[in-house]
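Reading the structure
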Amino acid sequence: MTTKDLARQLSRILGIFVLDRTGLADSYDIDFQWPTDGNPASIVTAMQQQLGLKLEPANGMAAICVIDNIDKP
């Protein structure tokens, strides 16, 4: 998977927007394990220890699409 794919997966798992700023474009075989105790900090620590990737909180703008209503066609 690419680091962009990894960022998308982490966004789903953590429930926050994760942006890939590594600048890496290649695909990698990623073997990543963390405790499933529901603590997001454990994922951050595991990523740094196992993959050498650091997640840093940052403020910025992101495009968000909100669907507030849907009707049958």
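Structure: above.
Residues numbered from 1 in each chain as written. Predicted model: local features only at pLDDT ≥ 70, side-chain atom pairs only at ≥ 80, totals over all residues. Heavy atoms only, no water.

**Details of the pattern of salt bridges**
- Overall, the coordinates contain two salt bridges when judged by the stated rule.
- The closest approach of N and O atoms between Glu56 and Lys54, which form a salt bridge, is 3.7 Å.
- A residue is classified by how much of its surface remains accessible, and Glu56, at 59% relative accessible area, is exposed.
- Using a relative accessible area of 54% as the deciding quantity, one classes Lys54 as exposed. (Salt bridge = Lys/Arg side-chain N within 4 Å of Asp/Glu carboxyl O. Buried < 20%, exposed > 50% of the residue type's maximum accessible area, 1.4 Å probe, protein only.)

**Brief notes about a nonpolar patch on the surface**
- On the surface, Met1, Leu24, Tyr28 and Ile30 cluster together into a nonpolar patch covering about 310 Å² of accessible area.
- Position of Tyr28 among the secondary structure elements: in the loop between helix 1 (3-14) and helix 2 (40-51).
- Residue classification places Tyr28 among the partly exposed positions, given a relative accessible area of 33%. (Patch = residues over 30% accessible without salt bridge, like charges linked within 9 Å, V, L, I, M, F, W, Y side chains within 5 Å. Areas by Shrake-Rupley, 256 points an atom, 1.4 Å probe, with all protein chains shown as cover. Helix = DSSP H or I, 4+ residues; strand = E, 2+ residues; numbered from the N terminus.)

**Concerning the packing of aromatic side chains**
- With the rule as written, the count across this model stands at one aromatic pair.
- Relative to Trp34, the ring of Phe32 has its centre 5.0 Å away and its plane inclined at 35°; by these criteria the two rings are tilted. (Phe/Tyr/Trp six-rings, centres within 6.5 Å; stacked < 30°, edge-to-face > 60°.)

**Examining the nonpolar core**
- The biggest cluster of nonpolar side chains holds nine residues, and these are Leu6, Ala7, Leu10, Leu14, Val18, Phe32, Ile43, Ala46 and Met47.
- Broken down by secondary-structure element, the contributors of at least two residues to this core are helix 1 and helix 2.
- A total of four residues in this core trace back to one element, the largest contributor, which is helix 1. (Core = buried A, V, L, I, M, F, W, Y, C linked by side-chain atoms within 4.5 Å.)

**What to know about helix 2**
- Relative to the 16 Å expected for twelve residues at 1.5 Å per residue, helix 2 spans 16 Å between its end C-alpha atoms, a close match to the ideal helical length.
- Elements in contact with the buried residues of helix 2: helix 1.
- Positive backbone phi, approximately 75°, marks Gly52, located one or two places after helix 2. (Expected span 1.5 Å × (residues − 1). Contact = heavy atoms within 4.5 Å.)

**Brief notes about helix 1**
- Over its twelve residues, helix 1 runs 16 Å from end to end, which matches the ideal 16 Å to within 8%, given 1.5 Å per residue.
- For helix 1, the full list of buried residues reads Thr3, Leu6, Ala7, Leu10, Ser11 and Leu14. What you see down the axis of helix 1 is that its buried residues fit within an arc of 145°, all on one side. Exposed and oriented more than 90 degrees from the buried face of helix 1 are Lys4 and Arg12.
- In this structure, the buried side of helix 1 is in contact with helix 2.
- In the segment just after helix 1, Gly15 is the residue with positive phi, at about 75°. (Arc of directions from axis to C-beta.)

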